[in-house]
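# Structural overview for review
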Amino acid sequence: MKHELRCVESDFCNEISGQEDTTFSAIYEGNPPGRVLWESGNFRLLADMSPLCPGHLLLLPIEHHLSFADLIETHGETLSGILSTVIPMYRETFGRLTFLEHGSSLAMKSGACISHAHWHLLPVDGRGVDALITADGLPSNLLEHLGQLATFSGKPYFLCGHEGEFRVYNGERPMRSQYLRSVVGRILGIPDPLWDYALVVRKEILRETMDRASHWRTPLADAG
Ligand SMILES: [Zn+2]
Ligand SMILES: [Zn+2]
């Protein structure tokens, strides 16, 4: 199991392009058959394959980018439009909403895993996330607007967004792997290291998440 999930986040391109033999299908064996909840333009909203709690989703671009900082210049307007739909829809279904991203850089590509940009959506208190990251000593900047994220293109960073504000933490210092999952694990009271996506795959929670969001309609589905 650990081996199967090792490169879980590099599998997005295959999965998004409709390839059937994916890590997701190997683990979930058709129940459910897919994990896309909503789509619009260049972005998709998926359930996290190894969710930390109900409502743990991923927002990602269909094109391959290393981080949201890399795509914000070209897709920023689309993204703003998507957020104005997704935020109220998410809050109605799952309560509060915090966005998290570990923005990767080319320097981090040296390993076998190439990251496909994604934001985590979690129904946790973002102020708590900010407090824990700040307590770990990472310097940060509050963005005046999301477009400023472009200045972090090519650099490693951690992003935390909630209540319309986005804070970017310097990610130069090596942190434990899956650092943001470990922070959310602390907030949710998940014992260390059971937030590791390869150690525990909470399949029932993914299924509950898919069920609770099943009434979401994608613009494409409405058009069809
Ligand atoms: Zn990709
Ligand atoms: Zn991630």
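Residues numbered from 1 in each chain as written. Chains lettered and ligands numbered in written order. Predicted model: local features only at pLDDT ≥ 70, side-chain atom pairs only at ≥ 80, totals over all residues. Heavy atoms only, no water.

In the nomenclature of an unreviewed UniProt entry, the protein chain corresponds to HIT family protein from the organism Streptomyces zingiberis.

## What about the coordination of the zinc ion (ligand 1)?
Formally: The rule for donors is simple: an N, O or S atom within 2.8 Å of the metal counts, and for Na, K and Ca the reach is 3.2 Å. Water is not among the atoms, so a site may look short of donors. Type-normalised accessible area, obtained with a 1.4 Å probe on protein chains alone, sets the label of each residue: buried when under 20%, exposed when over 50%, and partly exposed for intermediate values.
In the first shell of the zinc ion (ligand 1), the protein supplies Cys13 (SG), His64 (ND1) and His116 (ND1), at 1.8 to 2.0 Å from the metal. Looking at His64, the relative accessible area reads 39%, which means it is partly exposed. Given a relative accessible area of 1%, His116 falls into the buried group.

## Some details on the pattern of salt bridges
Cut-off, in case you're wondering: Only one rule defines a salt bridge in this text: a Lys or Arg side-chain nitrogen within 4 Å of an Asp or Glu carboxyl oxygen. Helix and strand assignments come from DSSP, with helices taken as H or I runs of at least 4 residues and strands as E runs of at least 2, each series counted from the N terminus.
This structure, assessed with the given rule, holds 8 salt bridges. Taking the shortest distance from any N to any O, the salt bridge between Arg186 and Asp136 comes out at 3.6 Å. Within this pair, whereas Arg186 is found in helix H6 (residues 179–188), its partner Asp136 is found in the loop between helix H5 (126–135) and strand S6 (140–142), the two being separated by 50 residues in sequence. Here Glu204 ties to Arg207 by a salt bridge, and the two come within 2.8 Å at their closest N and O atoms.

## Remarks on unusual backbone geometry
Following Asn31, the chain continues into Pro32 via a peptide bond in cis, with omega recorded as 0 degrees. Cis peptide bonds are those with omega within 30 degrees of zero, and the linkage from Asp192 to Pro193 qualifies with 5 degrees. Relative to the elements of secondary structure, Pro193 occurs in the loop between H6 and helix H7 (203–212). Unusually for a residue other than glycine, Glu29 sits at a positive phi of about 45 degrees. Judged by its relative accessible area of 67%, Glu29 falls in the exposed class.

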